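Architecture and fold: a report
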Amino acid sequence: MIGFVIGVFAIAGMIKGTLGLGLPAVSMGLLTIFISPFQAATLLIVPSMVTNFWQLFAEGQVLKLIRRFWPLLLGIVVGSIWSIFPTLGHGEFQSEALLGGMLALYGLYGLFAKNMPNLAAHEKWLSPMMGYLGGALTVATGVVVIPVVPYLQSLHLKRDDLVQSLGLAFTISTICLAVFLHQNPVENIPMDYKMSFIALLPALMGMWLGTKIRYRIPEQKFRKVFFCGLVIFGGYMVLHQFGLL
């Protein structure tokens, strides 16, 4: 089990180091092959939190971004408290299908969304809505991707501001997920913080390796392979959940 977890987070960290994203999506997708989504989400907390802080505080302007995106962040908090979706480990509907659908949508978005429309003019009312959906889906799947990532990219932010804004949203989402998991335990599934701390080291080593890979292979080619893999893997998870594979 330890070797499997180390391998998963090393791969997920490498992809995040190469592309700047993907650690929660990849780690959740691979971990749920053998363990429940709830247990996988508990392992994600420490590596995700540390790497998100790294991304958030790599540059300045954090307070400026908080002042701008507080409606988005508030929406994430509200969505994680009052989710409209079945949450991790609770309810009759299993989270694997929803997670698989999220990964497939994320992959399709990454493959085909080349020119995002500029939604900055609608930011005032879109931010709380996108935040709520992001928070609700975070406690349902353990991953904050749709719709927060496409929404922030649609605001046409400067590159550094976009990276920090994503880090800010990911950090708040991870905190909300940690609180949710702690307050809503699932019977017979312990919160394995020790294993989560163990997963941190391979995730950081993977990120370091990913930054080296970034300069050796074409990023667009790597990105295309990555998103195609998410579509295939996410589709498999959905079909397998409903007994079609």
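Residues numbered from 1 in each chain as written. Predicted model: local features only at pLDDT ≥ 70, side-chain atom pairs only at ≥ 80, totals over all residues. Heavy atoms only, no water.

1. A few points about the nonpolar core
Counted only if it meets this: In these notes, a set of buried Ala, Val, Leu, Ile, Met, Phe, Trp, Tyr and Cys residues joined through side-chain atoms within 4.5 Å is what counts as a nonpolar core. For each residue, the accessible area found with a 1.4 Å probe, counting protein chains only, is set against the maximum for its type, and the residue is called buried under 20%, exposed over 50%, and partly exposed in between. Only DSSP runs of H or I reaching four residues or more are called helices, and only runs of E reaching two or more are called strands; each is numbered from the N terminus. Contacts are residue-level and defined by heavy atoms, with any inter-residue pair within 4.5 Å sufficient.
Among the nonpolar cores identified, the biggest contains 64 residues, and Phe9, Leu31, Tyr106, Leu152, Leu181 and Phe226 are the most heavily contacted of them. Here the element with the most residues in this core is helix H8 (residues 159–183); it accounts for 9 residues. Setting aside anything within four residues of it in sequence, one finds Phe226 in contact with Ile15, Leu19, Leu21, Gly22 and Val26.

2. Describing a nonpolar patch on the surface
Basically, it comes down to this: Patch definition: residues with relative accessible area over 30% and no salt bridge; like charges joined within 9 Å; nonpolar side chains (Val, Leu, Ile, Met, Phe, Trp, Tyr) joined within 5 Å. Here, Shrake-Rupley sampling with a 1.4 Å probe gives the accessible areas, and only protein chains in the shown set may cover a residue. Should a side-chain nitrogen of Lys or Arg be within 4 Å of a carboxyl oxygen of Asp or Glu, the pair is scored as a salt bridge.
Together, Val77, Ile81 and Trp82 line one region of the surface with nonpolar side chains, adding up to about 330 Å² of accessible area. Mapped onto the fold, Ile81 is located in helix H4 (residues 62–81). Judged by relative accessible area, which is 53%, Ile81 ranks as exposed.

3. Observations regarding the packing of helix H1 (residues 2–19) against helix H3 (residues 37–56)
Inclusion rule: Inter-axis angles, ranging from 0 to 180 degrees, are taken between N-to-C directions of lines fitted to C-alpha atoms, where helices are fitted over the stretch in contact. Our angle categories are set so that under 35 degrees counts as roughly parallel, over 145 as roughly antiparallel, 65 to 115 as roughly perpendicular, and the remainder as oblique. The sense of a crossing depends on the near helix, which, turned anticlockwise from the far helix by less than a right angle, makes the crossing left-handed and, turned clockwise, makes it right-handed. Basically, the charged four are Asp, Glu, Lys and Arg, the nonpolar ten are Ala, Val, Leu, Ile, Met, Phe, Trp, Tyr, Cys and Pro, and anything else, Gly included, counts as polar.
With their axes 12 Å apart at the nearest point, H1 and H3 run at an angle of 25° to one another. Of the possible angle classes, the one that applies to H1 and H3 is roughly parallel. Handedness of the H1/H3 crossing: right-handed. Where H1 approaches H3, its residues Val5, Phe9 and Lys16 are matched on the opposing element by Leu43, Leu44, Pro47, Thr51, Asn52 and Gln55. For the contact of H1 with H3, a count of residues per class yields 5 nonpolar, 3 polar and 1 charged.

These values are about where atoms sit, not about what they do.
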